[in-house]
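Breakdown of the fold
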Amino acid sequence: MSARPVSRMLRRVLRTSTWSCSSEAPVTQPRPGKSTQPAPTELSRRRQFLREHAAPFSAFLTDSFGRQHSYLRISLTEKCNLRCQYCMPEEGVPLTPKADLLTTEEVLALARLFVKEGVDKIRLTGGEPLIRPDVVDIVAKLHQLEGLRTIGITTNGISLARLLPQLQKAGLNAINISLDTLVPAKFEFIVRRRGFHKVMEGIHKAIELGYNPVKVNCVVMRGLNEDELLDFVALTEGLPLDVRFIEYMPFDGNKWNFKKMVSYKEMLDTVRQRWPELEKLPEEESSTAKTFKIPGFRGQISFITSMSEHFCGTCNRLRITADGNLKVCLFGNSEVSLRDHLRMGASEEELLRIIGAAVGRKKRQHAELSLMHRDSPPAIPSISSWDSLHVQNLRPRMSFFNQMVTSWKGCRVSQTPLLAQQWLGSGFLQRHYSSLQDSATNPKCLSPGSQAPATHSGPLPPSDKLTHVDTEGRAAMVDVGGKPNTERVAVASAVVLLGPVAFQLIQQNQLKKGDALVVAQLAGVQAAKMTSQLIPLCHHVALSHVQVQLELDSMRHAVVIQASCRARGPTGVEMEALTSAAVAALTMYDMCKAVSRDIVLEEIKLVSKTGGQRGDFHRT
């Protein structure tokens, strides 16, 4: 899926009248020229008051390194209605008894104390903060605190469209929405729940209500969603979004692995290959984000470099957990219970001494930075990490655009559509799955489609020497630094001979393990992206396109796999295409081995390649 079509798709959806997913009532668009934000005069009066009454910053919130902590994050609940893989285990986490959680009065009392000492920004977090029934009342009462400039919220977006009008009226003026993929099926895999259409409706509602920018937080994980970077960036062309790419960070229960992390520099290089005109924007001293903008684009992108380029030296953040513990560092284990002291009747002065002592013990930087000094290069997690995906619920899907339109109209994608089957002469039954849309005339994703005939020509003469060994016969990686960047395309194929029993089960989509064609197609896409981690002397290639197609051949009781890869760079993508086809074939074997051991993988071969100094190749 290319970057620009995705942007056009979403913009087209946002411009049209839509229906609420919860009520199916029309979502009204703001009238031209009518702002839904607070009146400018009210905001200007508030800012003027704050400037005139600014007080010296509190010593209690200043640490031993001179960092002034003016930003407080308050967790309103430990509960969440999603189970994001990088955040918590599938079974959830043990919850604190309700009696041990902060009451609304305690939340407001602590917020009032911190604002009095110089905090001017409060962000409400969770868990999922919008689960808390009194979240609107909390925002309204926070808005009454003199000196508080910004009230923000970080949400997964599931309940945002329903609550945002009330929250905005109460005084909420900043929104961060978590969204790690633009592919609905992958969304369900990452968060282990449904709700993609609700998140998109929440983003739509925030734009409609005039929030600018609407911040979208995307945790980038190698082998899972780093291939969607350009699609996310393209959304900023016509939408007031600040897409924030966050380096994958360790938390208790998320089985953090250094090899899953995609660094800021790697992400930036990928974006700059597509948009070399990308410009760096100035940033505030305490900002956690490195912000960039593509000239002419309405929105912007940011990178949160918590692991590769930490911002500990200018950190101005403190956190209060849902059970009332003060954390001076997100990564630190040290906590001080403010709840206990509140309930024992501590005075403001006593609380400030406790807070000041905790802030004074804050370290220069968080301990997990030592992880960044390992010598091993990043690698992609094994495909088995997709095992928790309930493949029996995956079926041929609509294109991204069609899913978006359906989502905005409040309709759910059917979980059990009819199998896409076509007789194409000579008994050749085709059930064709495609990982990406080919063109505007064939916009089907994971759905029936047709395959263009390949062009054939004779192969070029092979080289008279091996390029991956040095003069002494030792393995060596080829230096491609001096080669020009050219458009590279490669197509590879494989055939899996299943036998009549397994073939019939796949044809009818009745395998107990789920839809083998969908799982194999996903595995092929993943494999293309991880080729350099599997084949030792392959270069890492920033692929701009991967497509895996699977067809059923009833004459041979076989699945025919074709994988194509595209990139612009100094080296070819033949290995990516071959790896994709081979792993898709292996996945078909794995899905069917319980039914038959008499499965044969054959004809794994390069079909064609274009680009590069050695010329084009087309198998006859």
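Thresholds applied
Counting restarts for each chain: residues are numbered from 1 in the order of the written sequence. With pLDDT at 70 or above as the cut-off, local features in this predicted model cover only qualifying residues; side-chain atom pairs require 80 or more to be listed or tallied, and sums for whole chains, interfaces and linings still use all residues. Remark: hydrogens and water are excluded; side-chain values derive from all non-hydrogen atoms of the structure. Helix numbering and strand numbering both begin at the N terminus, where a helix is a DSSP run of H or I of at least 4 residues and a strand a DSSP run of E of at least 2. Exposure is judged per residue with a 1.4 Å probe applied to protein chains only, and the accessible area is read against the type maximum: over 50% gives exposed, under 20% gives buried, and values in between give partly exposed. Between two residues, a contact is recorded if the distance between any of their heavy atoms is within 4.5 Å. Areas reported as accessible are Shrake-Rupley estimates using a 1.4 Å probe. Residue values count occlusion only from the protein chains shown. Directions are taken from the helix axis to each C-beta atom, and the arc is the one they span. Between Lys or Arg on one side and Asp or Glu on the other, a salt bridge is scored when a side-chain nitrogen of the former is within 4 Å of a carboxyl oxygen of the latter. Under this definition, polar contacts are N or O atom pairs within 3.5 Å; protein pairs additionally need one hydrogen-donor-capable and one acceptor-capable atom, and for neighbouring residues in sequence, both atoms have to be side-chain atoms. Note on definitions: angles span 0 to 180 degrees between N-to-C directions of axes, and those axes are lines fitted to C-alpha atoms, for helices only across the stretch in contact. To sort the angles, those under 35 degrees are grouped as roughly parallel, those over 145 as roughly antiparallel, those from 65 to 115 as roughly perpendicular, and the leftovers as oblique. Each residue gets one label: Ala, Val, Leu, Ile, Met, Phe, Trp, Tyr, Cys and Pro are nonpolar, Asp, Glu, Lys and Arg are charged, and the others, such as Gly, are polar. Two strands pair if DSSP finds at least two bridges between them. Crossover handedness is defined by viewing with both strands directed away from the observer: a clockwise path from the first strand over the helix to the second marks the crossover as right-handed. The rule is short: rings of Phe, Tyr and Trp, with Trp giving its six-membered ring, pair when the centres are within 6.5 Å, and they are stacked under 30 degrees, edge-to-face over 60, tilted in between. Confidence scores per residue from the predictor, reported as pLDDT, run from 0 to 100.

Considerations on the overall build of the chain
Looking only at helices and strands, one finds 16 helices and 22 strands in the chain. Expressed as a percentage of the 620 residues in the chain, the buried residues total 51%. For the chain, restricting intrachain contacts to residue pairs at least 6 apart in sequence, the fraction spanning at least 24 positions comes to 73%. Accessible surface, the chain as shown: approximately 29,200 Å² in total, 53% of it carbon and sulfur.

Remarks on helix α9 (residues 264-274)
All buried positions along α9 are accounted for by Tyr264, Met267, Leu268 and Val271. What you see down the axis of α9 is that its buried residues fit within an arc of 100°, all on one side. Facing away from the buried side of α9, by more than 90 degrees, are the exposed residues Lys265 and Gln273. Buried residues along α9 sit against β7 (214-220), α8 (229-235), β8 (241-247), β10 (289-293) and β11 (300-304).

Structural notes on the pattern of salt bridges
In total, this model carries 20 salt bridges according to the counting rule given. For the salt bridge of Asp227 with Lys529, the shortest nitrogen-to-oxygen distance reads 3.2 Å. You can see Asp227 sitting in the loop between β7 and α8 and its partner Lys529 sitting in helix α14 (residues 516-529), a full 302 residues away along the chain. When its relative accessible area of 36% is taken as the criterion, Asp227 is described as partly exposed.

Some thoughts on the side chain of Thr305
Structurally, Thr305 can be placed in the loop between β11 and β12 (317-320). Overall, Thr305 belongs to the buried group, its relative accessible area being 0%. Within the local environment of Thr305, its side chain forms a polar contact with the side chain of Lys290, the two groups lying 3.2 Å apart.

A short note on the environment of Leu330
Checked against the element boundaries, Leu330 lands in the loop between β13 (325-327) and β14 (336-337). Sequence separation between Leu330 and Leu318 is 12 residues; the distance between their C-alpha atoms is 8.2 Å.

What to know about the packing of helix α5 (residues 160-170) against helix α7 (residues 196-208)
Interaxial distance between α5 and α7 falls to 8 Å at its minimum, and their mutual angle equals 25°. Our classification of the angle between α5 and α7 gives roughly parallel. The segment α5 lies against α7, with Leu160, Ala161, Leu164 and Pro165 engaging Glu201, Gly202, Lys205 and Ala206. Considering only residue class, the contact of α5 with α7 consists of 5 nonpolar, 1 polar and 2 charged.

Description of the pairing of β8
When you tally the buried positions in β8, you get 7 out of 7 residues, the bulk of the element. Side chains Leu241, Val243, Phe245 and Glu247 of β8 all project onto a buried face; the interleaved residues Asp242, Arg244 and Ile246 project onto the opposite face, where all are buried too. Examined bridge by bridge, β7 and β8 share 7 bridges and lie parallel to one another. Bridging from a neighbouring strand, Val220 pairs with Glu247 of β8. The parallel pair β7 and β8, bridged by α8, forms a crossover whose chirality is right-handed.

Notes on the pairing of strand β19 (residues 545-553)
The buried fraction of β19 amounts to 9 of the 9 residues, a majority that puts the element mostly inside the structure. What you see with β19 is no split at all: His545, Gln547, Gln549, Glu551 and Asp553 on one side and Val546, Val548, Leu550 and Leu552 on the other are buried throughout. Pairing between β19 and strand β20 (residues 558-569): 9 bridges, direction antiparallel. Of the residues in β20, the one forming a bridge with Gln547 is Ser564. The antiparallel hairpin formed by β19 and β20 contains 4 residues in its connecting segment, where His557 sits at a positive phi of about 50°.

A look at the packing of aromatic side chains
Overall, the coordinates contain 6 aromatic pairs when judged by the stated rule. Ring geometry for Phe187 versus Phe196: centroids 5.8 Å apart, planes at 70°, classification edge-to-face. Ring centres 6.0 Å apart and planes at 75° place the aromatic pair Trp275 and Phe297 in the edge-to-face group. Of this pair, Trp275 sits in the loop between α9 and β9 (279-280) while Phe297 sits in the loop between β10 and β11, and the two are 22 residues apart along the sequence. One exposure class covers both Trp275 and Phe297, and it is buried.

Brief notes about the confidence of the model for the chain
When pLDDT is averaged along the chain, the result is 76, and 70% of the positions lie at 70 or above. Here residues 1-38 scores under 50 on pLDDT; set against residues more than four positions off or in separate chains, the count is 86 contacts. Segment residues 368-460: pLDDT under 50, and 226 contacts once partners within four positions in sequence are set aside and those in other chains are kept.

Comments concerning unusual backbone geometry
Omega for the bond connecting Gly126 with Gly127 falls within 30 degrees of zero, at 10°, which places this linkage in the cis form. Among the structural elements, Gly127 can be located in the loop between β4 (121-125) and α4 (135-142). With an omega of 0°, the peptide bond between Asn212 and Pro213 qualifies as cis. Tracing the backbone shows Pro213 in the loop between α7 and β7. Its identity as a non-glycine residue notwithstanding, Asn509 has a phi of 55°, on the positive side.

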